[in-house]
Amino acid sequence: MQKKSVVTEAEQIQLAIQMIKLGARLQLLESQTSLSRERLIKLYKELKGVSPPKGMLPFSTDWFLTWQPNIHASIFYNIYKFMVDYTDVTGIHAIIKAYSLYLQQVEHNQSDDGAEPVLSMTRAWTLVRFVESKMLKTQNCTCCSGSFIVNSYDLNQKYLCNLCHVPSRAGKTKKAKELTYKIVALSA
């Protein structure tokens, strides 16, 4: 019979707590910790006050390629890549630290409308897995030289990012329309 280590279990619980606070889904917690599903559900309920959300994890690369998610995914991945290349942090710990830095940037630049960040912790973890499996990769923009997430199987020789070549429908969301309406109403 294998001996259980109290220290190892405490480290696993601490790791799970960090991920739950960042919004990780149950499947992510199960894959990155050695804690049982029942234990993770109890921990999730204790921290969040509700049961963990049900449903499948993201499984398509397409979401990361649309204009706004691509910008956010690229910001996160560049932070993650820097962490892995220039520090001794790896694996899930690098994802957690990079995602925390991403959140700081998004919250700093986000207005006080209480909106959720575009990229969730689970999607950030999925993005790293997609890049590691070579389904996605980074490509430098020929205009601004920034590094952006692209499909590995697309032709990307003269790639223009979503910031240099903004799609025609970009920013035409319901929230953007409401903001425009408020600005017009205030100026009248």
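Keep in mind it's a predicted model, so treat the numbers as computed, not measured.

Thresholds, definitions, all that
- Residues numbered from 1 in each chain as written.
- Predicted model: local features only at pLDDT ≥ 70, side-chain atom pairs only at ≥ 80, totals over all residues.
- Heavy atoms only, no water.
- Helix = DSSP H or I, 4+ residues; strand = E, 2+ residues; numbered from the N terminus.
- Buried < 20%, exposed > 50% of the residue type's maximum accessible area, 1.4 Å probe, protein only.
- Contact = heavy atoms within 4.5 Å.
- Phe/Tyr/Trp six-rings, centres within 6.5 Å; stacked < 30°, edge-to-face > 60°.
- Lys NZ or Arg CZ within 6 Å of the ring centre and 35° of its normal.

S.K.: Quick question: what am I supposed to make of the environment of Val118 here?
M.R.: Relative to the helices and strands, Val118 resides in the loop between helix H5 (91–109) and helix H6 (121–132). A relative accessible area of 24% means that Val118 is categorised as partly exposed. Residues Val118 and Val106, spaced twelve residues apart in sequence, show a C-alpha to C-alpha distance of 8.8 Å. Not counting residues up to four positions away in its chain, the partners in contact with Val118 are Trp63, Gln68, Pro69, His72 and Tyr102.

S.K.: Would you mind going over the environment of Thr126 with me for this structure?
M.R.: Within the secondary structure, Thr126 is located in helix H6. Exposure remark for Thr126: the relative accessible area of 2% places this residue in the buried category. Apart from the residues within four sequence positions on either side, Thr126 is in contact with Pro58 and Phe64.

S.K.: Help me out: how do you make sense of the packing of aromatic side chains in this one?
M.R.: For any pair of aromatic rings, the description rests on two quantities: the centre-to-centre distance and the angle between the ring planes. Throughout the structure, instances matching the rule amount to eight aromatic pairs. Here Phe64 and Phe130 contribute two aromatic rings whose centre-to-centre distance is 5.9 Å and whose plane-to-plane angle is 85 degrees, an arrangement assigned as edge-to-face. In this pair, Phe64 is assigned in the loop between helix H3 (37–48) and helix H4 (67–86) and Phe130 in helix H6, connecting sequence segments 66 residues apart. Note on Phe64: relative accessible area 0%, which makes it buried. Relative accessible area serves as the criterion here: at 8%, Phe130 is assigned to the buried category. Ring geometry for Phe76 versus Tyr80: centroids 6.2 Å apart, planes at 20 degrees, classification stacked. Taken together, the residues Phe76 and Tyr80, both in helix H4 and four residues apart, mark about one turn of the helix. Neither residue differs from the other here; Phe76 and Tyr80 are each classed as buried. The lysine or arginine in question, Arg129, covers the ring of Trp125, its NZ or CZ lying 4.3 Å from the ring centre.

Keep in mind these values describe shape, not function.
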